[in-house]
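Fold and contact review
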Amino acid sequence: MNRLFLSATLLLLGSSVQAATYYVAKTGSNTNTCAQAASQASPKLTISAGVGCLSAGDTLIVKSGAYSESIGSVPSGISEAQPTRVMAEPLLSVTMNVSGEDGFRFSGSSARYVLIKGFILEGQFSASNGISLYEGANYIEIHTCEIRNFMNQGIASQTSGSGSNYPHHIKVINCDIHSTSKGKICTGSGTKGGYCHGLYFGANDSLVDHNKLHDNNGFGIQVYPVGNRTVVSNNVVYNNRSSNPSGTNESVTGIFANGTGNQIFNNVVYGQDGGGIHVLGSGNSTHDNYSYNNGGGNYSGSLSGPNNLQTAPPAGFPPPLGGTPPPPPPPPPAASCDVNKDSSVNVVDVQQAVNQALGAACASDINQDGSCNVVDVQRVVNAALGGGCITGP
């Protein structure tokens, strides 16, 4: 029995140490064998050739420089703890000028346990997606990347047609995703602007954390058509706006999440031409966010949780990756129906509420939906008629 246990242990240890590391560099040659490419002295020349050397759990190190290619698949890893790794060295020193439809593509439930880290993916306003995940791809991690200038989505996670085989256990961490279809005809919707998102994320049981998403011709983060039990945290989402030079432009939202059991917290969202944070579905938790200066209101939908504030965040928020966020200040008191602060609610307050709803500076957002509008006016009217002032959502 002990001999069997020892044999099994040695077998497991052997499988964990047999993983190989291969190298790619601009000084390399694709005539080098994979055995030779296991040495930094004789690397492969292209990323695709290096990927061709990989087996489950291996690592590919890509040295600095610019590479023009697309990677259609990467061999799956062994487990979440032993993924197949494709990594730039140093981080963010490798630019992939994407020459095909996608920078990296993962499709099917057998596409799993892969880490992509440290790349600058350049779409050149011709390639469709920086990274595509389809049909149940799972346990894929995208870490410390810049993804820019694609014509459809920065990262697309989805299933075909009306299917339900969404990717799951996807991680997008510490990435800068920007300028999808900026100032161009958005290929996600014909001539209609606002549909080329930074992150189009139909994914379950996934994580979107510590990213910057900005200046996209579409939403910053769209968890859609559905995503369940997904965490969206510590992201900074700003200045995403429809920017087609012709055709219809749809206003866009910073963070949109549709599904069940999602968590949206510690995000900073500002400067969209549409809404800030919009949540649909049930059992979701939305808390400790800062959403402000968004053209279509700062919060909407089925929100729950404290400290969804409409001001700029304090310095150091969100915290750096691995840091601890400072506690947010308590939410401001609800605006009063006594708009002019004269200790009574009357026709003067009604007139001031109407003026604010018509475009004057908004100081009386009584229902706290991020704007002064007809709902606030109605509440002031009710209070002036003796019905009491109802504040908050």
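Residues numbered from 1 in each chain as written. Predicted model: local features only at pLDDT ≥ 70, side-chain atom pairs only at ≥ 80, totals over all residues. Heavy atoms only, no water.

**A closer look at the sheet that holds strand 16 (residues 221-223)**
- Ordered by their spatial adjacency, eight strands build an open sheet running 4-7-10-13-16-19-22-25, and the pairing between neighbours is parallel. Every interior strand has two partners, whereas the edge strands, strand 4 (102-107) and strand 25 (299-301), have only one. Sheet twist, expressed as the mean angle between neighbouring strand axes with direction ignored, is 10°.
- Looking at chain direction, strand 13 (residues 199-201) and strand 16 are connected through two bridges and run parallel. (Pairing = 2+ DSSP bridges. Helix = DSSP H or I, 4+ residues; strand = E, 2+ residues; numbered from the N terminus. Axes fitted to C-alpha atoms, helices over the stretch in contact; angles between N-to-C directions.)

**Here's the deal with the confidence of the model for the protein**
- Confidence in the prediction for the protein averages 88 pLDDT; 89% of positions are at 70 or higher.
- Note that pLDDT drops below 50 for residues 3-16; the model gives that stretch three contacts with residues more than four away or on any other chain. (pLDDT = per-residue confidence, 0-100. Contact = heavy atoms within 4.5 Å.)

**Overview of the packing of aromatic side chains**
- By the definition in use, this model includes eight aromatic pairs.
- The interplanar angle of 70° and the centroid separation of 6.4 Å between the aromatic rings of Tyr-200 and Tyr-224 together place this pair among those described as edge-to-face. Of this pair, Tyr-200 sits in strand 13 while Tyr-224 is found in the loop between strand 16 and strand 17 (231-233), placing the two residues 24 residues apart along the sequence.
- Among the residues examined, Tyr-224 registers a relative accessible area of 35% and is labelled partly exposed.
- One aromatic cluster in this structure is built from Tyr-200, Phe-219, Tyr-224 and Phe-256.
- Across from the ring centre of Tyr-67, 4.6 Å away, lies the NZ or CZ of Lys-26, which sits over that ring.
- The positively charged end of Lys-184 is found above the aromatic ring belonging to Phe-125, 5.1 Å away from the centroid. (Phe/Tyr/Trp six-rings, centres within 6.5 Å; stacked < 30°, edge-to-face > 60°. Buried < 20%, exposed > 50% of the residue type's maximum accessible area, 1.4 Å probe, protein only. Lys NZ or Arg CZ within 6 Å of the ring centre and 35° of its normal.)

**Some details on unusual backbone geometry**
- The residue after Tyr-224, namely Pro-225, is reached through a cis peptide bond having omega 0°.
- By secondary structure assignment, the location of Pro-225 is in the loop between strand 16 and strand 17.
- The residue after Phe-317, namely Pro-318, is reached through a cis peptide bond having omega -5°.
- Among the structural elements, Pro-318 can be located in the loop between strand 25 and helix 4 (347-357).
- In this structure, Thr-144 takes a positive phi of about 50° despite not being glycine.
- Considering the arrangement of structural elements, one finds Thr-144 in the loop between strand 8 (138-143) and strand 9 (146-148).

**What about the nonpolar core?**
- If you look at the biggest cluster of nonpolar residues, it comprises 54 residues, and the most contacted ones within it are Ile-47, Phe-104, Phe-106 and Phe-119.
- For this core, the element with the most residues is strand 3 (residues 84-97), which contributes four residues.
- Setting aside its immediate chain neighbours within four residues, Phe-104 contacts Ile-71, Val-74, Val-86, Met-96, Ile-116, Leu-121, Gly-130, Ile-131 and Ser-132.
- Residues Val-339, Val-350, Val-377 and Ala-383 belong to the second largest nonpolar core, which totals eight residues. (Core = buried A, V, L, I, M, F, W, Y, C linked by side-chain atoms within 4.5 Å.)

**Notes on helix 4**
- Burial in helix 4 covers these residues: Asp-349, Val-350, Ala-353 and Gln-356. In an axial view of helix 4, the angular spread of the buried residues amounts to 125°, which keeps them on one side of the axis.
- Residues of helix 4 that are buried sit in contact with helix 5 (374-384).
- Of the residues that open helix 4, the one with a side-chain oxygen 3.0 Å from the backbone nitrogen of Val-348 is Asn-346.
- Positive backbone phi, at 130°, marks Gly-359, one or two positions downstream of helix 4. (Arc of directions from axis to C-beta. Polar contact = N/O pair within 3.5 Å; in protein donor to acceptor, adjacent residues only side chain to side chain.)

**Topic: the state of the cysteines**
- Throughout the structure, instances matching the rule amount to two disulfides.
- The disulfide partner of Cys-34 is Cys-53, and the S-S distance across this bridge is 2.1 Å. Given an S-S torsion of about -85°, the disulfide between Cys-34 and Cys-53 has left-handed geometry. Taken together, the residues Cys-34 in helix 2 (residues 34-37) and Cys-53 in the loop between helix 3 (47-51) and strand 2 (59-68) connect sequence positions 19 residues apart.
- On the accessibility criterion, Cys-53 (7% relative accessible area) is buried.
- At a sulfur-sulfur separation of 1.9 Å, the disulfide partner of Cys-186 is Cys-196. Judged by the sign of its S-S torsion, about 110°, the bond between Cys-186 and Cys-196 is right-handed. Note that Cys-186 is positioned in the loop between strand 12 (176-178) and strand 13 and Cys-196 in the loop between strand 12 and strand 13, a separation of 10 residues in sequence.
- Take Cys-145: it sits in no disulfide, and the sulfur closest to it among the cysteines is that of Cys-175, at 4.6 Å.
- The buried category is assigned to Cys-145, whose relative accessible area is 2%. (Disulfide = S-S within 2.5 Å.)

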